[in-house]
Structure formats: structure tokens, C-alpha cells
Protein chains: 2
Amino acid sequence: MSDSQRRQISGFSNPTIKRLKSLREKKHRKREGHFLAEGLRILTEALDAGKTPKLLVVVEETELHPLAQKLETETLAAGGEVIETSEAIIAKLSGKTNPQSIIGIYEDHPAPLAELDRSSSGIWLVAQALRDPGNLGTILRTGDAVGAGGLILIDDCVDPFSVEAVRASMGAIFTQQIVMSPWSEFLDWLRSGPGQLVGTSLNTDTDYQSATYAPPTFLLVGNEARGLPEDYEEACDMLVKMPMMGKADSLNAAVATAVMAYEVLNQRRK
Amino acid sequence: MSDSQRRQISGFSNPTIKRLKSLREKKHRKREGHFLAEGLRILTEALDAGKTPKLLVVVEETELHPLAQKLETETLAAGGEVIETSEAIIAKLSGKTNPQSIIGIYEDHPAPLAELDRSSSGIWLVAQALRDPGNLGTILRTGDAVGAGGLILIDDCVDPFSVEAVRASMGAIFTQQIVMSPWSEFLDWLRSGPGQLVGTSLNTDTDYQSATYAPPTFLLVGNEARGLPEDYEEACDMLVKMPMMGKADSLNAAVATAVMAYEVLNQRRK
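This one's a predicted model, so the numbers in the text were calculated from it and none came from an experiment. (Residues numbered from 1 in each chain as written. Chains lettered and ligands numbered in written order. Predicted model: local features only at pLDDT ≥ 70, side-chain atom pairs only at ≥ 80, totals over all residues.)

Caption draft 1: Spatial organisation of the interface of chain A and chain B. Taken together, the contact between chain A and chain B spans 33 residues of the former and 33 residues of the latter. Of all the secondary-structure elements, those providing two or more residues to the side of chain A that touches chain B are helix H3 (40-48), helix H6 (133-146), helix H8 (172-175) and helix H11 (253-269) of chain A. Considering every element that reaches the side of chain A that touches chain B, the biggest residue donor is H11(A), with 8 residues. A class-by-class count of the residues in the side of chain A that touches chain B yields 17 nonpolar, 10 polar and 6 charged. (Contact = placed C-beta atoms within 7 Å. Helix = DSSP H or I, 4+ residues; strand = E, 2+ residues; numbered from the N terminus. Nonpolar A, V, L, I, M, F, W, Y, C, P; charged D, E, K, R; others polar.)

Here it is, written out as C-alpha cells:
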């Protein structure tokens, strides 16, 4: 790839650099419909999922890794732009001491509920009022691992396109369908077709392994601190709980989702 | 509880406040052998586990929650000190916008390997070179949930007594035994008695559900980015893997540990 197709930027006050930095904030992501992803591993996952960056940022005067070269070729072929800049600017953009040396800007891709094909997978993950971006990204990563169809975010969840969530997803942000929906709309959509809504809760005696999960199963997990609202639990087809042998009465939200999702997957594998 | 037994501190430059703040840094924790925990829920878990703070910090001129009153009584009864200070100082100590209104300083409690009674539990968690404090705390929380005996930290792991790890543990830092050990010492100790060492790895075809786990089972998880070193895998009695249905080839370290730990627990429940 000829360097002449790259644009060089050397100043911190360059408008493109400022724009990149602004995408760390939700309001700018929302306005632009774009988000940032960092690091060769995640950007390569994106490419494998058919997503090329609108803008690719690489470090100047550096021999690119073959995967990074491929990213550059594909970005240009898709009509995107490639920028080279200094390590210092990348470090400032990244806000980390050991920054990733490659950054991409992508179009965000929340899907409308109506576009989901519920028969395309036997497992769907649903999170309500999730607050922690690391939990959200980890749940996306788990969704990819168990072959879930996507993640449906109910009510006021943390932004799935935040830098922290994208990082924790390890690329699953590009492979999982993502829907954001108010509860009532989700429930209307769910009840318009087949689907078993299963909530994890302390308010039940049903062991998660004694239940039978019928596809498509929608696994609903609540807010980290408060769990699910009472009326949301009442709307579930089934509430289940995991055995808790110690002092605590709950698991981390991403952990609970994963233990549940693997149980559903394991029943289907048998 | 009479307020006269409290010490009032109103200045940011007070030595006790400075000391509290310094405990956010590992070197100060190590030197003092103390660590910070925040919030009524975690401090109450500590009390339930028989741990009282050396120093308890509460907000002045506030009606204490009954659980906080109990914490104050128990702290004084155990010879600890209670300090009241302003919300502004607590906020500064906490470094969060919505700080917890109660903070405790506790003695750290890493146990020597020789003190572990391996027959006291059928599951032990072992993590190698874990870097993320949230993962470490979440693994402690999962350990409590599955009734693990404790967490053994191999090689250069993140500090389990860091504020982030303590927070993510949701109190399990007080209920789980914690050991820090170099690999060779751990292996010598392990092989001096019964114990099945099980590593999660991509370098195997053994499905984690097809294996039989014999107590005491030691579940070994590797570094978030690199997994386990090759010779560590070779030292395991068994390597297992979880099914991965998507694009990614691995789970978050805390998620993988939890899925494994619940499989072991579920086999024992049958």
C-alpha cells in the first residue's frame, strides 16, 4: 500500500484528531453515529465480520503488521480514509499509557427490534438498566461464544458503543446484533411470536438446571445493584436461580448471564 | 452510640485523611498491611465474616443506617477507631462522584500456602498473572458463590486488596482465603497431597462437560491476554475447553472461571 494514499496529521489541534477524541463521549457518538475501536485484534475481528472502518489511524514511520496492512487496504477499497500520526497523538487519543497502535472509526449499528429474526438463534441475551460498560462488553463477548443472536438492551443501559464496552467485547460488538428498546416495546415484540422469557432472580426456588429451555430463549438479566423490577419478573415465563453456596446472594451480572447461557447451550448440545 | 467516642476530622490535610488516601496505592497497602473497603454492603459482609475495621469513617451529622450503627459499635468494641468527617472529604477519598458514605480500613490477610486445608472444600480457584482488578474481584465473588475454599494467585497478579478488586468482590475478599504464591511453590504444595489441577485452554479437545472432576479440584485460569504458559498447561492433570460457537476463541477470564466452577459444582450436586 502506497503511503501517498494516507493523510498525515502531526498536530494535536487538527480537527480530525479533535473529532476522534470527541468520540470518547456518548453525546458525540450519538450525534455522529460513529464509535471508536482500538487494537489490531478487535479491528481484525471487525474486518472478519465484514465491517471496515470509515477512518483508520495508524502510527507513522512504522512497519505495519500484515493484519494492519490488510486493514489499510480494505479501508481504502471501501472508500474509507487512512490517517498516519505520531505515537504521542495516538497515546493522547487512547488515554492509556500503553496505547494500541491502531484505531478505527466505525458506524454504529443498533438494529430496530422489528429487524431481528428470532428464529435465527436459540439464545438471545436481554439486559435491563445495565450500568457497567465492562459488564456490557463481557456479555456481548459471551453472547458471541454461545452463539446468541444478539443483545437486547432494555431501558437506560450504558452505551454499548463506549470505548470500554467495545474493548471488553473483544470484537463481539461487531458480530452480535444490538437492539436498544424500552421494556413495553420489547414485551409487545416478544409476545408477537414464539419466545421463552427467562429471568434470573432470587425470588424463586427453581434451580436453573431443573428448568427446560425452549428455543428461542430470551435470558433476562437485571441491573447490577437492584436486579429486575418486580413487574418485569412477573412478565417472565420462568424465573430461575443459580445455587449460591457462600455468604453472598448474587453473582456479577456478566457472570450470571454466562452461567445461564452455557446452561441453555449445554441442554441443546445433549 | 455516643458521638463522643468519635474523632472529628475536618481538614483535607489531616494525617489520617492522607493515610486513608495513600491506601489507594499498592506500595502503601503493602507497607502498612492494610486496605480500604467502601460501602455499607461490603462492610456488613466483612462484619458477618468476623472482620471489624481498624478504622471506620462515617459522614458527620448524618443519621446512621442501623447496619452502620452496628459497624460503629463493633469497631469500637474491637478496639478500633471511628472517625467522622465531611461528605466532601469522603468524596475526595473515594474519587467517585457518588461516593459511598462509609469506609473501613482492614488488615489484609494473605494466607501462606501451608495454612490452607485443601480438604475443607472441593473447589479451589487458581489464577495466573491476572491483570484486571475487576476480574480478580469477580472471581473472588464467584468463589464465594460456588463454595470455593479460596483463591490462589500465581506469579505477578494484580493486588487483590486494591480498591477496585475489593469493590468487585462485593465482600468476598473477606470470606475467601487468599494466597499469593510463585508457580513452583504452588506446584510443590499441590503435589504433596490430593488435588486435581484442571486448566482451561484452547490446546485440547476435551469438552469441559465430558470431564469428571475429583475433589479437591483446583481450577487454573491464565492471564487475560496470553492464557496459560505452555509448561503450566503440561503440569495440569487435565486441560478442558468450553464450546465456542461464535467468532471469538475465548471468554473473559472471570466468565470462564465461573462457567467452569459451576460445572464442577453441578457435578457434585448430582
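More follows now that the structure is in view.
Caption draft 2: Focus on the domain arrangement of chain A. Residue and element names in this part refer to chain A. Partitioning chain A into domains gives domain 1 (3-107) and domain 2 (113-269). Put simply, the middle of domain 1 and the middle of domain 2, counted by C-alpha atoms, are 31 Å apart. In terms of residue class, the side of domain 1 that touches domain 2 is made up of 6 nonpolar, no polar and 7 charged. (Domains from an automatic or database assignment.)

Caption draft 3: Highlighting the sheet that holds strand S4 (residues 81-85) of chain A. Residue and element names in this part refer to chain A. Taken in spatial order, the 5 strands make up an open sheet running S1-S4-S3-S5-S2, and their pairing is mixed. Two strands lie at the open edges of the sheet, namely strand S1 (6-9) and strand S2 (34-38), each paired on one side alone. Averaged over all pairs of adjacent strands, the angle between strand axes in this sheet comes to 25°, irrespective of strand direction. Taken together, the 5 bridges between S2 and strand S5 (residues 102-107) define a ladder with antiparallel strand orientation. For Glu38, the partnering residue across the bridge sits in S5 and is Ile103. Each of S1, S2, strand S3 (55-59), S4 and S5 touches helix H1 (residues 15-22); the most contacted strand, S1, lies at about 90° to it. Sheet strands touched by helix H4 (residues 66-77): S3, S4 and S5. Its angle to S3, the strand with the most contacts, is close to 145°. (Pairing = 2+ DSSP bridges. Axes fitted to C-alpha atoms, helices over the stretch in contact; angles between N-to-C directions.)

Caption draft 4: Layout of the packing of helix H6 (residues 133-146) of chain B against helix H10 (residues 253-269) of chain B. Residues and elements named next belong to chain B. Two elements in contact, H6 and H10, have axes whose closest approach is 9 Å; the angle formed by their N-to-C orientations is 10°. The angle between H6 and H10 falls in the class roughly parallel. Between H6 and H10, the residues in contact are Asn135, Thr138, Ile139, Thr142 and Val146 and Ala253, Ala254, Thr257, Ala258, Ala261, Tyr262 and Leu265, respectively. (Parallel < 35°, antiparallel > 145°, perpendicular 65-115°, else oblique.)

Caption draft 5: Focus on unusual backbone geometry. Note that the residue after A:Pro215, namely A:Pro216, is joined by a cis bond; omega there is -5°. Looking at the secondary structure, you find A:Pro216 in the loop between strand S9 (196-200) and strand S10 (217-221). Phi is positive for B:Ala129, close to 50°, though the residue is something other than glycine. Counting through the fold element by element, B:Ala129 comes out in the loop between strand S6 (123-128) and H6. At B:Asp155, a position not held by glycine, the phi torsion is positive, near 60°. Its place among the elements puts B:Asp155 in the loop between strand S7 (150-154) and helix H7 (163-169).

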